[in-house]
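Read off the chains here:
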Amino acid sequence: MKLKNPELLQQANYWDGLWRQSATGEFIEVANPSTRMVIGKVPRVSRAEVASAITAAEQAFISWRQQTAQKRGQILRGWSELLLQHQEDLAEIMTSEQGKPLAEAKGEVRYAASYLQWFSEEAVRNYGDIIPAQKPGQKILVQKQPIGVCACITPWNFPIAMLARKVAAALAAGCTVVAKPAELTPFSALALALLGERAGVPAGVFNVITGDSAAIGDEFTENPIVRKISFTGSTRVGKLLQQKSATNLTKLSLELGGNAPLIIFDDADLDLAVKGAIAAKFRNAGQTCVCVNRLLVQRTVYEQVMQKLDGAVAELKVGDGHQEGVKIGPLINQSAVEKFIRHFDDAMEKGAKLICGDGKSDNLFIKPVLLADAKPNMLFCREETFAPLLAAIPFDTEEEAIQLANDTPYGLAAYFYSNNVQRIMRVSDAIESGMIGVNETAISNAAAPFGGVKWSGYGREGSRYGMDEYLTIKYVLMG
């Protein structure tokens with residue numbers, strides 16, 4: 001990697017204010033998905049070391065919770081500024097370990113910094129209430145207090161933004177954090193820890209460990225010190241965490257899988273709709289939890305939309321994320337490629353029409369695919385594809401579009417395009433999803449509550465609701 005500040009590439013874990021290797025000497029190699037070359041290694045910590053990091057966070061919580069909200073906000077704000085100062089290097093690290101185009105990686109760094117900035121301001125707005133009492137001479141006080149030590153588990157597709165979104169809210173609330181980044185993309189998280197240390201985050205307040213997911217998850221769910229777990233990842237693992245955390249009644253926030261529909265009605269601005277569909281489907285090579293998984297197009301404009309999509313998809317350049325003009329990087333690993341091929345083959349066998357792409361892989365690179373005349377019984381309608389495959393299903397009526405959109409156990413994000421105000425209100429109310437974009441697909445920002453319903457999980461990240469996830473309510477009756 002060509003880094004201006006090579007120290008940002010940390011190959012050690014960080015807890016209790018110290019950079020450490022595992023006592024076992026074991027490590028995990030991290031490879032660049034574009035080249036398959038190993039770019040570094042990180043420790044594979046033991047379960048005892050995970051417990052040590054949790055204990056460090058518990059000790060740090062005693063003083064951090066008593067720190068003024070203004071001071072916590074000041075530290076978060078400085079942390080945000082450091083991310084922006086090191087944007088180029090952080091993007092280089094991210095593109096090297098995750099594969100996304102460099103321009104997207106830079107955008108993610110800015111996105112991550114926005115959460116640290118937002119919660120630096122929200123820290124001082126942790127308001128309580130005074131409620132009229134039932135008896136003379138009494139006062140009812142309601143205050144919000146930090147829940148305690150929090151475990152944050154983040155995915156590989158947005159390795160710095162997903163962690164910043166969790167940590168910013170937790171630290172603003174007065175909690176301390178032990179974070180476990182994905183094994184495939186640990187370096188972004190470790191760089192975040194280094195910059196947090198420089199911003200003045202006290203020892204033990206923010207800790208990053210790497211290692212076996214199952215062993216770390218077991219310690220998180222079974223250790224009674226951990227009072228909150230925030231997880232972004234698959235629905236399968238989310239359900240497992242819910243089961244295992246029941247022993248200690250640990251509070252959970254789960255941002256899980258999605259199967260987002262995008263509906264294009266015949267009264268929409270078709271050029272705007274196509275532009276939005278391309279952005280929402282092919283960002284990060286389709287490896288986002290809120291990307292379009294099912295495209296529903298009203299039959300009266302179906303041919304027009306497909307023609308416009310064909311031209312737009314064909315222009316997307318595939319390659320190493322460091323190369324100029326690349327819009328589609330590699331998939332994260334071979335398992336992701338195999339899932340894409342399985343979804344593509346299933347659609348073709350059931351009658352889909354290939355418009356663009358070939359459904360083949362070159363190592364981990366996939367040419368973006370556009371399919372027409374897809375059907376609701378195809379595999380991509382049941383599972384999250386997480387690859388650059390866009391398949392269109394025609395529909396006739398608004399009622400049919402709503403039925404198709406809701407025909408999934410998931411409910412993270414949904415999108416639709418229409419210029420009919422009454423339709424916008426009807427469809428917004430009817431779609432079962434935690435987030436809806438109307439004539440817009442870039443829906444995630446620090447001021448808005450991010451999260452889903454049904455199998456897409458519960459809890460919210462970002463916005464003022466995001467900090468509530470790390471707070472408990474205490475009622476005090478003053479006699």
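Residues numbered from 1 in each chain as written. Predicted model: local features only at pLDDT ≥ 70, side-chain atom pairs only at ≥ 80, totals over all residues. Heavy atoms only, no water.

Attention now moves to the sheet that holds strand β6 (residues 139–146). Overall, antiparallel pairing links the three strands, which are arranged β5-β6-β24 in an open sheet. Unpaired on one side and paired on the other, β5 (129–131) and β24 (471–478) mark the two borders of the sheet. Neighbour to neighbour, the strand axes of the sheet diverge by 25° on average, direction disregarded. Where β6 meets β24, eight bridges bridge the pair, whose relative direction is antiparallel. Pairing of Pro-146 across the sheet is with Leu-471, part of β24. (Pairing = 2+ DSSP bridges. Helix = DSSP H or I, 4+ residues; strand = E, 2+ residues; numbered from the N terminus. Axes fitted to C-alpha atoms, helices over the stretch in contact; angles between N-to-C directions.)

Across all of its chains, the model carries three cavities of 30 Å³ or more by this definition. What the largest cavity holds in volume is close to 70 Å³. Lining the largest cavity are 16 residues, and of these Pro-261, Thr-408, Tyr-410, Gly-411 and Glu-432 sit closest to its centre. In terms of residue class, the lining of the largest cavity is built from eight nonpolar, six polar and two charged. One number sums up the size of the second largest cavity: a volume of about 50 Å³. (1 Å grid on protein atoms, 1.4 Å probe; cavity = no way out; pocket = protein on both sides within 12 Å on 5 of 7 lines; lining within 4 Å. Points joined across faces, edges and corners; volume = space filled by probe spheres on them. Nonpolar A, V, L, I, M, F, W, Y, C, P; charged D, E, K, R; others polar.)

Glancing now at the sheet that holds strand β14 (residues 353–356). With mixed pairing, seven strands are arranged side by side in an open sheet as β14-β17-β18-β13-β12-β20-β21. Of all the strands in the sheet, just β14 and β21 (435–438) have a single pairing partner and so form its edges. Neighbouring strand axes in the sheet, compared pairwise and without regard to direction, differ in orientation by 25° on average. When strand β20 (residues 413–417) meets β21, the two strands line up parallel, connected through four bridges.

On to unusual backbone geometry. Phi is positive for Asn-363, which is not a glycine, with a value near 55°. The phi angle at Lys-454 is positive, at roughly 55°, despite the residue not being glycine. Looking at the element boundaries, Lys-454 is found in strand β22 (residues 453–454). Relative accessible area serves as the criterion here: at 36%, Lys-454 is assigned to the partly exposed category. (Buried < 20%, exposed > 50% of the residue type's maximum accessible area, 1.4 Å probe, protein only.)

Turning to the pattern of salt bridges, a few remarks are in order. What the rule picks out here adds up to 22 salt bridges. Two residues, Glu-432 and Lys-454, come together in a salt bridge whose shortest N-O distance is 2.9 Å. Note that Glu-432 is positioned in the loop between α13 (421–430) and β21 and Lys-454 in strand β22, a separation of 22 residues in sequence. Residue class for Glu-432 comes out partly exposed when judged on its relative accessible area of 42%. Overlapping salt bridges bring together Asp-266, Asp-267, Glu-398, Arg-423 and Arg-426 as one network. (Salt bridge = Lys/Arg side-chain N within 4 Å of Asp/Glu carboxyl O.)

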